[in-house]
Amino acid sequence: MTRNRASAWTFAITSIALFMVALDNLVVTTALPVIKADLGASLDDLQWVVNAYTLTFAVLLITGAALGDRFGRRRVFLIGMATFIGGSALAALSPSTEVLIVARAIQGFGAAIVTPLTLTILSAAMPPGRRALALGAWGGIAGLAIAIGPLVGGAIAEGLAWHWIFWINVPIGLVVLPLAATRLTESYGPEGRLDIPGLGLISAGLFALVWGVINGNDLGWDSPQVIGAIAAGALLLIGFVAWEARQEHPMLPLRFFRSRAFTASNLVSLLMYFGMFGSVFLLAQFFQVVQGYSPFQAGLRTLPWTGMPIIVAPIAGILADRI
């Protein structure tokens, strides 16, 4: 297989996989009122249908990248895809909100493995001259999936049934799996040793911090559980930074943060996703429950807000080489 052809296959496979897992971040939001009526869910249940995916995704994102570097990115990518497909099938078959929440957590686990590996696999496969453009397109695809997630979820819930939000992942994933196994080239990270203490600190710290934030409204921001979880998360993350500073081959090279551009871009990304993911759940409820719009109409009304990354990300990739 020629280098150009191999790069094209890599881009196609990683793009489809990325689109699937990014879409599931928000695809369920506009279908929540339908799920509530069908399964008899409470508002707390609906929050955890969203949060179960977000929590496992956020906690295990760095872990997925580290496992790929150690055991082979293609191999771990295949495991992540299989996990995501299995979680999707379980979500589609869920007879209760409890099962649906578990299925969403399994989806988030698979997505946390797949997402960073689509980036590293694509970056390794692209020649240097085309890498920035490919990564800009990668960002555009992720932005597209996030932008149209509420719209797609609303259209499926209104035109078919909410179960098809998850069923649609299964046949696409079953096509991607054999293509990934035969068309992707195996690659490894620069350091083969798995940093177990670092993985433990970052995973536990993020879990405690995100759990505290998610449960702040329900338990009260001044409750011992929430304060304890946030404090423990902060201490564990400080411990992770201290541990990484001592390592010869850290999972997260702290020298990157000496660059103002790197630090600023990560801060902007944090604020953007904090606002987007924190608000869209409430917007979907407001449009449908308060203003009486259908799921599709509610998804359509979020599109101008969530759609901006579709436009900006590819342009940023092109300009990165020039500027």
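As the structure is a prediction and not an experimental result, all values here were calculated from the model. (Residues numbered from 1 in each chain as written. Predicted model: local features only at pLDDT ≥ 70, side-chain atom pairs only at ≥ 80, totals over all residues. Heavy atoms only, no water.)

## Brief notes about the overall build of the protein
So, point 1. When helices and strands are tallied, the protein shows 14 helices and zero strands.
So, point 2. Ordered by position in the sequence, the α and β elements of the protein form the string α-α-α-α-α-α-α-α-α-α-α-α-α-α.
So, point 3. Relative to the 2.2 N^0.38 estimate, which gives 20 Å for 323 residues, the radius of gyration of the protein is 20 Å and therefore close to what a compact globule would have.
So, point 4. The dimensions of the protein, computed from C-alpha atoms along their principal axes, are 50 × 50 × 35 Å.
So, point 5. Within the span of the protein, comprising 323 residues, buried residues form 45% of the whole.
So, point 6. Taking all contacts inside the protein whose residues are at least 6 apart in sequence as the whole, residues at least 24 apart take part in 81%. (Helix = DSSP H or I, 4+ residues; strand = E, 2+ residues; numbered from the N terminus. Rg over C-alpha atoms; globule rule 2.2 N^0.38 Å. Buried < 20%, exposed > 50% of the residue type's maximum accessible area, 1.4 Å probe, protein only. Contact = heavy atoms within 4.5 Å.)

## Focus on the packing of helix H9 (residues 196-214) against helix H11 (residues 224-246)
So, point 1. Where H9 contacts H11, the axes come no closer than 7 Å and their chain directions differ by 155°. Classified by the angle their axes make, H9 and H11 are roughly antiparallel. With respect to the hand of their crossing, H9 and H11 are arranged in left-handed fashion. The segment H9 lies against H11, with Pro197, Gly198, Leu201, Ile202, Ala204, Gly205, Leu206, Ala208, Leu209, Trp211, Gly212 and Val213 engaging Gln225, Val226, Ala229, Ile230, Gly233, Leu236, Leu237, Gly239, Phe240, Trp243 and Glu244.
So, point 2. When grouped by side-chain class, the residues that make up the contact of H9 with H11 number 16 nonpolar, six polar and one charged. (Axes fitted to C-alpha atoms, helices over the stretch in contact; angles between N-to-C directions. Parallel < 35°, antiparallel > 145°, perpendicular 65-115°, else oblique. Left-handed = near helix turned anticlockwise from the far one by under 90°. Nonpolar A, V, L, I, M, F, W, Y, C, P; charged D, E, K, R; others polar.)

## Concerning the pattern of salt bridges
So, point 1. Per the stated rule, a full pass over the model turns up one salt bridge.
So, point 2. Of the charged contacts, one joins Asp69 and Arg73 as a salt bridge, the two residues approaching to 3.1 Å between their closest N and O atoms.
So, point 3. We classify Arg73 as buried; its relative accessible area is 10%. (Salt bridge = Lys/Arg side-chain N within 4 Å of Asp/Glu carboxyl O.)

## Description of the nonpolar core
So, point 1. One finds Phe77 and Met81 to be the most contacted residues of the largest nonpolar core, which totals 31 residues.
So, point 2. Going through the elements one at a time, helix H1 (3-26), helix H3 (43-71), helix H4 (73-92), helix H5 (97-125), helix H8 (169-183), H9 and H11 are the ones with two or more residues in this core.
So, point 3. It is H5 that provides the largest number of residues to this core, a total of six residues. (Core = buried A, V, L, I, M, F, W, Y, C linked by side-chain atoms within 4.5 Å.)

## Looking at a nonpolar patch on the surface
So, point 1. On the surface, a nonpolar cluster with roughly 590 Å² of combined accessible area is contributed by Met308, Ile311, Val312, Ile315, Leu319 and Ile323.
So, point 2. You can see Met308 is positioned in helix H14 (residues 308-322).
So, point 3. The class for Met308 is partly exposed, based on a relative accessible area of 43%. (Patch = residues over 30% accessible without salt bridge, like charges linked within 9 Å, V, L, I, M, F, W, Y side chains within 5 Å. Areas by Shrake-Rupley, 256 points an atom, 1.4 Å probe, with all protein chains shown as cover.)

## Some details on the packing of aromatic side chains
For any pair of aromatic rings, the description rests on two quantities: the centre-to-centre distance and the angle between the ring planes.
So, point 1. Tallying each qualifying case throughout the model produces six aromatic pairs.
So, point 2. Ring geometry for Phe257 and Phe262: centres 5.1 Å apart, planes at 80°, overall edge-to-face.
So, point 3. The class for Phe262 is partly exposed, based on a relative accessible area of 28%.
So, point 4. Ring centres of Phe286 and Phe287 lie 6.1 Å apart, and the angle between their planes is 55°; on these two criteria the pair is classed as tilted.
So, point 5. Under the relative-accessibility criterion, Phe286 is labelled partly exposed at 36%.
So, point 6. Residue Phe287 is classed as buried on the basis of its relative accessible area of 11%. (Phe/Tyr/Trp six-rings, centres within 6.5 Å; stacked < 30°, edge-to-face > 60°.)

None of the figures reported here should be taken as evidence of function without further support.
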